[in-house]
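Chain residues, written in single-letter form:
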Amino acid sequence: MEKKVIATTSLAGCFGCHMSFLDIDERLLDLIELVEFNKSPIDDIKRFTKPVDIGIIEGGCANSENVEVLRYFRENCKILVSLGECAIMGGLPAMRNGISIDECLAEAYLNGPTVQLNKEKILPNDEEIPMLLDRVVPCHEVVKIDYFLPGCAPRADLIWDALVAIVTGKEMDLPYEVIKFD
Amino acid sequence: MQDLVNKIVKRYQTDKTRLMDILLDIQNERGYLSHDDCSELSKKLKLSTAEVCETASFYHFFSCKEARYRIYLNNSITSEMAGRQLVAEAFEEACHTSFGETSEEGLFFLEHTSCIGMNDQEPAALINGIPFTQLTPFRVKELISGLKEGKSLEEAAYESFGDGNNAHDLIHSMVNNHIRKRGAILTNDYKPFDVIKNKLCKRSPEEIITIVEGSNIRGRGGAGFPTGLKWKFGRLTKAEHRVIICNADEGEPGTFKDRVLLTEFPELVFEGMVTAAFATGADIGVLYLRHEYKYLLNYLNHVLDNMRKKSLLGNEINGCKHFNFDIRIQLGAGAYICGEESALIESMEGKRGEPRDKPPFPVEKGYMGYPTIVNNVETLASVVKIINNGAAWFDSMGTSDSAGTKILSISGDCLFPGIYEVEWGTTINDVLSMAGAYDVQAIQVGGPSGMLLSKKGFDRTLSYSDLATGGSMIVFNHSRDLLRDVVLNFMDFFIEESCGSCSTCRIMPTVLKDKLLKILNGHGVKQDLEELVSWGKLLKISRCGLGQTAGNPILTSLSNFRSLYEDLIQQDKEFDTGFNLEKAVVESCNFVNRKPVFETKNLN
């Protein structure tokens, strides 16, 4: 059987889902037998070098770069999986959604109690910096997502079982107690 | 400040279950509720400040903003149809403030509010609890400049009185009854208190229940539970006290029959409560009156006083041994959900109006833990007629599964909006023709929680087995945009009125509305329609009727007007989230003074 190609990325997330991924521990060795990694922090490949079977997305979209990367993944991956709370619902970053972006920026760069050095009241506006979205959105509100793995972070066993299921094409065993949203 | 709180707390014997009344009185006397009031109250009532604040913040008409005139403009659909937008703008201009705010001098506070039960005379607003109906921009200007010049609100309101008891000295309101068709309940030949005086004590409570059961009357609030059975359950539960509650919290947009019944026939309603008390052995009676009908309070209390004087309430009613029963009026403070019986009971106990888990049902354990029978205003009014004329008389009207008559509140695009009492079994076609509704595109039966019917359904009949309804009927002609104007308005209503207890009802109406907006904005795909249906089903697991029906505006319009949706969705696309990156970054780029750039970088 030809090895499936996997890519992963973390958008507006904390990399906790990737950490949880690494928690599959020695099964990583088994996984390497089944799949080949392409663009991913796991092997530090920065660009897609071939068509990918499974793209795993951690984190939602908080800025223009997140959106671009997500769209880039959608173009290059046959299957996209939203991994974890932030990708599925926006997560902690989405807590800013109840506050206007103006207020958020003013608090962070102008008025916050920890702002002491910014005497010239500079706001980050270099064109190299990604542009902030007015609200943080989950991945499926930007592109089509095929599967969702909930959790904060999803447990390693859940990630392992899901990957094995997708790779082998066998139905996944998902008992109620495995699906946790936090 | 402490004096006022002290005085009012004493008025209610430092009883924390009367928190609603205490808050209402403080607001009445001070004009608003301050945080200091709440913390002072919590000390006096031995509650935490959070407990006081959670009640105070739950209800729409409690306000922490100080203002001499509180203006609540109805935003129900018929109000919109009658030019609400222009009236709202006129208010903002005349008061020099915007909705949600207080004007500079602290004179006016403007706010939107859900249906205030004046659907047949919109646009309507409540100003310090006094209803002003059929408003126009001109009248708003006149009214506000009058108030600014120092004219009293009463003077402004008393330019003309409505029909019937609306002109009574204790009501003096411009509201109109618009009774267009009278039937068995709304007859003019009603002899007040005949049943209490001549029928009750001669029979046993069981006999009364048997008559009510035999008449096959079912609850008129909408759910349709057999009244006789409810009474029987209430009577069977052993307890020290039993409670009769008359539910006059009609909040379903489009219904206003209880307002008319309480204006014209309060004796009939109270007599029904006494009858229910006799049959079930209750000694505590409460009329839960929605805050929007506060203008009726003095008159209703006057009727109760008269009954007490004539020994029709109080101890040994009409000389009947061991029959002790009295009625007090509990005012609500603006919450649709309190029409749900267990939420209503929570509210009466001074808490947030959140529905209880069932069982136990109120008939087993309700107000203060006592068996409690909650009946609709119309149900109680009907019961008196049943005792007077017999079960068979009542059962002979209507259809085989729906006995008697139903009072309909008809509004919207028809020539003669108002109150119509019809026998069950009447078709929608008859309803429309009766009210002078022509060129009809759709009719909303049972309010937003009911269904939007298309022409195909106009031959259906009003009955518990076909179209069960609490009586709200809103007509829409072909000039109306059903999805943009009607369905969105109804969804906003549910989003506003959800108590927030169940996550389904707190979240799903917003999700469904967003999807509808996406479709209306041209980004809909076929999958969206399927998702509307399948996601809508999730609402069924909500605890109460509000949550369970909160998706109905979308679900019933989708099933009865599917082509309206189909016409809007993109046939050539399978997937479209409607996400627009260019729009999404505008706000932040403006704030940091930066020009958005979207070069498509070649990430490869």
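The structure presented is a predicted model; accordingly, all values stated were derived computationally and were not measured.

**Some words on the layout of surface pockets**
Residue and element names in this part refer to chain B.
Here comes step 1: Space inside the second largest pocket adds up to approximately 1400 Å³.
Here comes step 2: Looking at the second largest pocket, it is lined by 50 residues, and the ones nearest its centre are Gly221, Gly222, Ala223, Gly224 and Gly339.
Here comes step 3: Elements with a minimum of two residues in the lining of the second largest pocket: α11 (227–236), α12 (257–264), β9 (372–376) and α22 (545–549).
Here comes step 4: Grouping the constituent residues of the lining of the second largest pocket by class yields 15 nonpolar, 23 polar and 12 charged.

**Observations regarding the interface of chain A and chain B**
Here comes step 1: Taken together, the contact between chain A and chain B spans 29 residues of the former and 19 residues of the latter.
Here comes step 2: Carbon and sulfur atoms supply 61% of the area that chain A and chain B bury against each other, a total of about 2200 Å² over both sides.
Here comes step 3: Among the residues chain A hides against chain B, the three largest losses belong to A:Glu68, A:Asn125 and A:Met131. Together they make up 24% of the total.
Here comes step 4: Applying the counting rule to chain A against chain B returns zero salt bridges.
Here comes step 5: Applying the counting criterion to the chain A and chain B interface returns eight residue pairs in polar contact (both at pLDDT 80 or more).
Here comes step 6: Among the secondary structure elements, those contributing two or more residues to the side of chain A that touches chain B are α3 (64–76), α5 (101–111) and β6 (132–137) of chain A.
Here comes step 7: Among the elements that take part in the side of chain A that touches chain B, α3(A) stands out by supplying five residues, more than any other.
Here comes step 8: Here the residues of the side of chain A that touches chain B are counted per class, giving 16 nonpolar, four polar and nine charged.

**A word on the packing of aromatic side chains**
For any pair of aromatic rings, the description consists of the separation of the ring centres together with the inter-plane angle of the planes.
Here comes step 1: The final tally for this structure, using the stated rule, is 14 aromatic pairs over all chains.
Here comes step 2: Between A:Phe48 and A:Phe73, the aromatic rings sit 4.9 Å apart at their centres with planes inclined by 70 degrees, giving edge-to-face as the arrangement. In this pair, A:Phe48 is assigned in the loop between β2 (35–37) and β3 (52–58) and A:Phe73 in helix α3, connecting sequence segments 25 residues apart. Comparing A:Phe48 with A:Phe73 shows no difference in burial state: the two are buried.
Here comes step 3: Here a set of aromatic residues connected by ring pairs shows up, and it is made of A:Phe48, A:Tyr72 and A:Phe73.
Here comes step 4: Its guanidinium or amino end placed over the ring of B:Tyr464, B:Arg218 lies 4.1 Å from that ring's centre, counting from NZ or CZ.
Here comes step 5: A cation over an aromatic ring shows up here: B:Arg290 above the ring of B:Tyr293, its NZ or CZ 5.2 Å from the ring centre.

**Things to note about a negative patch on the surface**
Here comes step 1: Taken together, the side chains of A:Asp23, A:Asp25, A:Glu26, A:Asp30 and A:Glu33 define an acidic patch exposed on the protein surface.
Here comes step 2: Assignment of secondary structure puts A:Asp23 in the loop between α1 (16–22) and α2 (27–34).

**Looking at the state of the cysteines**
Cysteine pairs can be covalently joined through their sulfur atoms, and such a bond is termed a disulfide.
Residues and elements named next belong to chain B.
Here comes step 1: Applying the stated criterion across every chain, the model contains one disulfide over all chains.
Here comes step 2: One disulfide in the model links cysteine 201 with cysteine 320; its S-S distance is 2.1 Å. The chirality of the disulfide connecting cysteine 201 with cysteine 320 is left-handed, given an S-S dihedral of about -135 degrees. Highlighted residues: cysteine 201 in the loop between α9 (194–200) and α10 (205–215) and cysteine 320 in the loop between α14 (297–309) and β8 (326–331), separated in sequence by 119 residues.
Here comes step 3: In this structure cysteine 201 comes out as partly exposed when scored by relative accessible area, which is 35%.
Here comes step 4: A residue is classified by how much of its surface remains accessible, and cysteine 320, at 10% relative accessible area, is buried.
Here comes step 5: Summary of cysteine pairing: cysteine 38 is not part of a disulfide, and the nearest cysteine sulfur, belonging to cysteine 53, is at 4.3 Å.
Here comes step 6: We note that cysteine 246 lacks a disulfide partner, and the nearest cysteine sulfur, in cysteine 338, lies 15 Å from it.
Here comes step 7: Judged by its relative accessible area of 0%, cysteine 246 falls in the buried class.

**Thoughts on the environment of A:Ser100**
Here comes step 1: Among the structural elements, A:Ser100 can be located in the loop between α4 (85–89) and α5.
Here comes step 2: Along the chain, A:Ser100 and A:Met131 lie 31 residues apart, while their C-alpha atoms are 15 Å from each other.

**Quick word on the domain arrangement of chain B**
Residue and element names in this part refer to chain B.
Here comes step 1: Entries for chain B in the domain assignment read domain 1 (2–58), domain 2 (69–159), domain 3 (181–395), domain 4 (406–479) and domain 5 (483–566).
Here comes step 2: Taking only C-alpha atoms, the centre of domain 2 and the centre of domain 5 are 30 Å apart.
Here comes step 3: At the interface, five residues of domain 2 touch seven residues of domain 5.
Here comes step 4: Here domain 2 packs against domain 5, burying approximately 360 Å² in sum over the two surfaces, 58% of which is carbon and sulfur.
Here comes step 5: Summed over the three residues of domain 2 that lose the most area to domain 5, namely Asn75, Ile77 and Ser114, the buried surface amounts to 89% of that side.
Here comes step 6: On the surface where domain 2 and domain 5 come into contact, there are zero salt bridges.
Here comes step 7: Our count for the domain 2 to domain 5 interface comes out at two residue pairs in polar contact (both at pLDDT 80 or more).

**Regarding the sheet that holds strand β1 (residues 4–10) of chain A**
Residues and elements named next belong to chain A.
Here comes step 1: Pairing in this open sheet of five strands is parallel, and the strands run β2-β1-β3-β5-β7 from one edge to the other. The open sheet has two free edges, formed respectively by β2 and β7 (147–149), since each of these has just one partner strand. On average, each strand axis in the sheet is tilted by 30 degrees relative to the strand beside it, whichever way the strands run.
Here comes step 2: Here three bridges tie strand β5 (residues 77–83) to β7, and the two strands are oriented parallel to one another. Among the inter-strand pairings, serine 82 is bridged to a residue of β7, identified as phenylalanine 148.
Here comes step 3: Here helix α6 (residues 156–168) sits on the sheet and contacts β1, β2, β3, β5 and β7; the angle it forms with β7, its principal contact strand, is near 160 degrees.

**Quick notes on the sheet that holds β8(B)**
All names here are of chain B.
Here comes step 1: A sheet is described by the order of its strands in space; here four strands give the open sequence β8-β7-β6-β9, paired in parallel fashion. Strands with a single pairing partner mark the edges of an open sheet, and in this sheet they are β8 and β9. Mean inter-strand twist for the sheet, computed between neighbouring axes without regard to direction, equals 20 degrees.
Here comes step 2: As paired elements, strand β6 (residues 243–248) and strand β7 (residues 284–289) share six bridges and run parallel to each other.

**Observations concerning helix α20 (residues 503–520) of chain B**
Residues and elements named next belong to chain B.
Here comes step 1: If you check α20, its first and last C-alpha atoms are 26 Å apart, about what 18 residues at 1.5 Å a residue would give, namely 26 Å.
Here comes step 2: Taken together, the buried positions of α20 are Thr504, Cys505, Met508, Pro509, Leu512, Lys513, Lys515, Leu516, Lys518, Ile519 and Leu520.
Here comes step 3: Considering only its buried residues, α20 is in contact with α19 (482–497), α21 (526–536), α22, α23 (552–560) and α24 (562–566).
Here comes step 4: Glycine 522 sits one or two residues past α20 and shows a positive phi near 85 degrees.

**Digging into the pairing of β1(A)**
Residue and element names in this part refer to chain A.
Here comes step 1: Counting buried positions over the seven residues of β1 gives six, a clear majority of the element.
Here comes step 2: Pairing between β1 and β2: three bridges, direction parallel. Residue pairing across strands places isoleucine 6 opposite phenylalanine 37, the latter belonging to β2.
Here comes step 3: By the bridge criterion, five bridges tie β1 to β3 in an arrangement that is parallel. Looking at β3, one finds that serine 10 is bridged to glutamate 58.

**What about empty space enclosed by the protein?**
All names here are of chain B.
Here comes step 1: Tallying each qualifying case throughout the model produces three cavities of 30 Å³ or more.
Here comes step 2: Estimated volume of the largest cavity: approximately 100 Å³.
Here comes step 3: Together, 13 residues line the largest cavity, and Arg290, Glu292, Gly334, Ala335 and Tyr336 are the ones closest to its centre.
Here comes step 4: Taken together, the residues of the lining of the largest cavity break down into four nonpolar, five polar and four charged.
Here comes step 5: Here the lining of the largest cavity spans two domains, and each of domain 2 (69–159) and domain 3 (181–395) adds at least three residues to it.
Here comes step 6: Of the volumes computed, that of the second largest cavity is approximately 80 Å³.
Here comes step 7: The wall of the second largest cavity is formed by Ile337, Pro355, Ser498, Cys499, Gly500, Ser501, Cys502, Cys505, Arg543, Cys544 and Leu546.
Here comes step 8: A class-by-class count of the residues in the lining of the second largest cavity yields seven nonpolar, three polar and one charged.

Cut-offs applied
Residues numbered from 1 in each chain as written. Chains lettered and ligands numbered in written order. Predicted model: local features only at pLDDT ≥ 70, side-chain atom pairs only at ≥ 80, totals over all residues. Heavy atoms only, no water. 1 Å grid on protein atoms, 1.4 Å probe; cavity = no way out; pocket = protein on both sides within 12 Å on 5 of 7 lines; lining within 4 Å. Points joined across faces, edges and corners; volume = space filled by probe spheres on them. Helix = DSSP H or I, 4+ residues; strand = E, 2+ residues; numbered from the N terminus. Nonpolar A, V, L, I, M, F, W, Y, C, P; charged D, E, K, R; others polar. Contact = heavy atoms within 4.5 Å. Buried area = accessible area lost by both parts, 1.4 Å probe. Salt bridge = Lys/Arg side-chain N within 4 Å of Asp/Glu carboxyl O. Polar contact = N/O pair within 3.5 Å; in protein donor to acceptor, adjacent residues only side chain to side chain. Phe/Tyr/Trp six-rings, centres within 6.5 Å; stacked < 30°, edge-to-face > 60°. Buried < 20%, exposed > 50% of the residue type's maximum accessible area, 1.4 Å probe, protein only. Lys NZ or Arg CZ within 6 Å of the ring centre and 35° of its normal. Patch = residues over 30% accessible without salt bridge, like charges linked within 9 Å, V, L, I, M, F, W, Y side chains within 5 Å. Areas by Shrake-Rupley, 256 points an atom, 1.4 Å probe, with all protein chains shown as cover. Lys, Arg positive; Asp, Glu negative; His and termini not counted. Charge placed at Lys NZ, Arg CZ, Asp CG, Glu CD. Disulfide = S-S within 2.5 Å. Domains from an automatic or database assignment. Pairing = 2+ DSSP bridges. Axes fitted to C-alpha atoms, helices over the stretch in contact; angles between N-to-C directions. Expected span 1.5 Å × (residues − 1).

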